[in-house]
Amino acid sequence: MHVLFTYSVKRLNFSFSHALKLLSKTKFLVMEYADLKTFSCYKENNYEAAVETLNSLQSNASVLEKARLQKDRQAITNVPFTEKYLNRLGIPLDKIDQQLKIIHVSGTKGKGSTCAFCESILRYHGLKTGFYSSPHLIEVRERIRINGKPLSKEEFARYFWEVYNPLKNYMDDEHDMPAYFKFMTIMAFYVFLNEKVEVAIFEVGIGGLYDCTNVIRKPVVVGITSLGLDHVSLLGNTVEKIAFHKAGIMKPLVPTYTVSDQPGESLNILAEKALDIKCPLYIVPSLDEYHWAPYQIKLGLSGKVQWKNASLALQLSRAFLNPKIESVSAEQDKCIFPVSALPFQIHLPDALGLAQTFWPGRSQILRLKTATFYIDGAHTPESIEACVEWFLHASASSKRRQKRVLIFNTTGDRNASLLLAPLKRCQFDVAIFCSNIIGAANESASKDLLNLMVTKDQQVRRSNVNSDAWLENGFRFNGTSSQKQMVVALPTINTALNYVNDKLVDNETDGLDVLVTGSLHLVGGVLSLLDPDHNFLLVNKTNSVSPKTS
């Protein structure tokens, strides 16, 4: 008792003296109470103010570089620090365990699409859904969705300040605030709890083991999508090392589903983790093995690659709705993992959910008067391969071949030559390389897309590196085109689109086929300029689901 009393007195003395120091250094602005109340209401309901404050939580380029040098030490603090900030907000992990039913998904390729399929299926089953994803394409509010729709600007602002203010008011020191992604993860938990969602779908940010979302201790089911090489400076330079991180979200007794064609020994890594923690691991069947009658296979997302994501989503959704189906007893230590998951009868909510799924910026086609834009945020060699297959198939519907234009960028530690290699099959007439900087044309979107983690000079230099990689590898263009072979490096997305409009559009042609790929941030910037009203974010799918006809 004496020790506690002494500590309290010291703490009180410290607080009082600290307040006096602050008081002596503070310049006051006299403000009427009514004005203060008005300003407070404005701030709490102002989306732009929330975004600006959120951006202040980004690490700048120099800080990020220092963190990369200490990546292991930094990474292992992600989960405990996220838990610390959740506690500060009054959300202990026990509350998450008890009040949120969660689907947790990691992977290298297709995790966003898989989560989108899941969300749509479960919504058509009548559940109130919450979906947390990253990155956003245009506006940060896209990252948190309720029933498939991003939070409104008013909702985002209100929830933002309800999370930000308590975290800010009770800092241990001036640096004691969560960084951008960590803050958004905390906010997602807060929103889903307040909205009382019946299922919360969390897409992992990077990796899995040390990802902020891995504060989740008791998900209903776990999914691991296709694996590959990405974020190698953080996760390792082999698929086996990456698989180790992705497997970090697997939990004891919680069923995990994955796809069959995992590269290298990565599937063995997942199986070893499953045996180690006694968690059932399933391989999902091919999409056409399910019992579809009387429906046809119809997906809201284009491309054959989406079949495996759709199958994974079907298994995750079924396991969520029927948690005891196909469960393997944790006592079966001799069970050999993985186990083949069984295909099942597709019902109307499943078929509708898959057909009505919309996930912008992935295999998306935007038809304008002078050009058709094929937009896909592929950013790994495997996803670029799938993007090429989709583009060649989708653009082949034209009566005659149109001029083909590539707009490309890639960032971080990704190998530009490796990503560009599959694109030579498209035989582009023009290749444009630009940064992810939007330019002056859309200042409001620029705030949501502001990236302080790299400097403008670094971004522009990277577009030149990408252009050089294209030329150095001897990529050739379509020889039948009257258009001269052109390779252009430009500083911003706006200048790239202006180049297409001013230099390439020819009234004598039927238009252009423009492929935009390589970076989700590039895709978001392009969409923000082509569709400034952001209508694409709330597209209502009209795919009907009808019985098969003979």
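Quantities reported herein were computed from a predicted structural model and do not represent experimental measurements.

Draft legend 1. Region of the structure containing the pattern of salt bridges. Applying the stated rule across the entire model yields 14 salt bridges. As a salt-bridge pair, K128 and E195 come within 3.3 Å of each other at their nearest N and O atoms. Placement of K128 in the loop between helix 8 (111-124) and strand 2 (129-132) and of E195 in helix 10 (residues 180-195) is noted, with a sequence separation of 67 residues between them. Take K128: its relative accessible area is 26%, and that puts it in the partly exposed class. The salt bridge partner of K308 is D261, with a shortest N-O separation of 2.7 Å. With K308 in helix 14 (residues 306-321) and D261 in the loop between strand 7 (256-258) and helix 13 (266-277), this pair connects stretches of sequence that are 47 residues apart. One salt-bridge network, held together by shared partners, links K84, R88, D172 and D176.

Draft legend 2. Representation of the nonpolar core. Core analysis: the biggest nonpolar cluster contains 45 residues, and F156, F183, M184, M187 and F192 have the highest contact counts within it. Secondary structure elements with two or more residues in this core: helix 3 (47-55), helix 6 (78-88), helix 7 (93-99), strand 3 (144-146), helix 9 (153-169), helix 10 and strand 5 (199-203). A per-element tally of this core places helix 10 first, with 12 residues. Leaving out residues up to four positions away in the same chain, M184 has contacts with L54, Y132, V140, R143, I144 and F156. Counting residues in each nonpolar core, the second largest holds 36 residues, with I103, V105, F131 and V199 among its members.

Draft legend 3. How the structure looks around the packing of aromatic side chains. Counting across every chain of the model gives 21 aromatic pairs. Summarising the aromatic geometry, the rings of Y47 and F156 are spaced 5.5 Å apart at their centres and angled 70° between planes, so their arrangement reads as edge-to-face. Of the two residues, Y47 is situated in helix 3 and F156 in helix 9; the sequence distance between them amounts to 109 residues. This pair shows no difference in class: Y47 is buried, exactly as F156 is. Clustering of aromatic rings is evident, with ring pairs tying together Y47, F156, F160, W161, Y164 and F183. Between R158 and the ring centre of Y159, over which it is positioned, the NZ or CZ distance is 4.5 Å.

Draft legend 4. Summary view of helix 21 (residues 520-530). Burial analysis of helix 21 places nine of its 11 residues in the buried class, which makes it a mostly covered element. Along helix 21, the residues that are buried comprise L520, L522, V523, G524, G525, V526, L527, S528 and L529. At the N-terminal boundary of helix 21, the capping side chain belongs to S519, with an oxygen 3.2 Å from the backbone nitrogen of H521.

Draft legend 5. The arrangement of the sheet that holds strand 1 (residues 102-106) in detail. Pairing is mixed in the open sheet, where nine strands are placed in the order 4-3-2-5-1-6-7-8-9. The sheet is open, and its two edges are formed by strand 4 (149-150) and strand 9 (339-340), each paired on a single side. Where strand 1 and strand 6 (residues 221-224) come together, four bridges link them in parallel fashion. Across the sheet, V105 pairs through a bridge with G223, a residue of strand 6. Most of the contacts of helix 13 go to strand 8 (residues 281-283), to which it runs at about 145°, and overall it touches strand 6, strand 7 and strand 8.

Draft legend 6. Structural context of empty space enclosed by the protein. Per the counting criterion, the structure on display carries two cavities of 30 Å³ or more. By volume, the largest cavity amounts to about 60 Å³. Along the walls of the largest cavity sit S133, P135, H136, L137, E142, R143, R145, W359, P360 and R362, which together make up its complete lining. Grouping the constituent residues of the lining of the largest cavity by class yields four nonpolar, two polar and four charged.

Draft legend 7. The state of the cysteines, seen in detail. Taken as a whole, this structure holds zero disulfides when the rule is applied. Cysteine C387 is unpaired, with the sulfur of C426 as its nearest cysteine sulfur at 7.3 Å. We classify C387 as buried; its relative accessible area is 2%.

Draft legend 8. A look at the pairing of strand 10 (residues 364-367). Taking every second residue as pointing to the same face, the buried face of strand 10 carries Q364 and L366, while none of I365 and R367 on the other face is buried. Pairing of strand 10 with strand 11 (residues 371-376) involves four bridges; the strand directions are antiparallel. In the sheet register, I365 faces strand 11, and the bridge partner there is Y374.

Draft legend 9. Main features of the packing of helix 8 against helix 15 (residues 348-355). Direction vectors running N to C along helix 8 and helix 15 enclose 140°, while the axes themselves pass 8 Å from each other. Taken as axis vectors, helix 8 and helix 15 run oblique relative to one another. Note on packing geometry: the crossing formed by helix 8 with helix 15 is right-handed. Each of F117, S120, I121 and Y124 in helix 8 lies in contact with helix 15, whose residues at this interface are P349, D350, L352, G353 and L354. Tallied by class, the residues present in the contact of helix 8 with helix 15 amount to six nonpolar, two polar and one charged.

Draft legend 10. Just the packing of helix 20 (residues 493-504) against helix 21, in detail. Remark: helix 20 packs on helix 21, axes separated minimally by 10 Å, with the N-to-C direction vectors making an angle of 60°. The orientation of helix 20 with respect to helix 21, classified from their angle, is oblique. Two packed elements cross with a definite hand, and for helix 20 against helix 21 that hand is right-handed. For the pair helix 20 and helix 21, the contacting residues are I493, N494 and L497 in the first and H521, L522, G525, V526, L529 and L530 in the second. Among the residues forming the contact of helix 20 with helix 21, the class breakdown is six nonpolar, three polar and no charged.

The rules behind the values
- Residues numbered from 1 in each chain as written.
- Predicted model: local features only at pLDDT ≥ 70, side-chain atom pairs only at ≥ 80, totals over all residues.
- Heavy atoms only, no water.
- Salt bridge = Lys/Arg side-chain N within 4 Å of Asp/Glu carboxyl O.
- Helix = DSSP H or I, 4+ residues; strand = E, 2+ residues; numbered from the N terminus.
- Buried < 20%, exposed > 50% of the residue type's maximum accessible area, 1.4 Å probe, protein only.
- Core = buried A, V, L, I, M, F, W, Y, C linked by side-chain atoms within 4.5 Å.
- Contact = heavy atoms within 4.5 Å.
- Phe/Tyr/Trp six-rings, centres within 6.5 Å; stacked < 30°, edge-to-face > 60°.
- Lys NZ or Arg CZ within 6 Å of the ring centre and 35° of its normal.
- Polar contact = N/O pair within 3.5 Å; in protein donor to acceptor, adjacent residues only side chain to side chain.
- Pairing = 2+ DSSP bridges.
- Axes fitted to C-alpha atoms, helices over the stretch in contact; angles between N-to-C directions.
- 1 Å grid on protein atoms, 1.4 Å probe; cavity = no way out; pocket = protein on both sides within 12 Å on 5 of 7 lines; lining within 4 Å.
- Points joined across faces, edges and corners; volume = space filled by probe spheres on them.
- Nonpolar A, V, L, I, M, F, W, Y, C, P; charged D, E, K, R; others polar.
- Disulfide = S-S within 2.5 Å.
- Parallel < 35°, antiparallel > 145°, perpendicular 65-115°, else oblique.
- Left-handed = near helix turned anticlockwise from the far one by under 90°.

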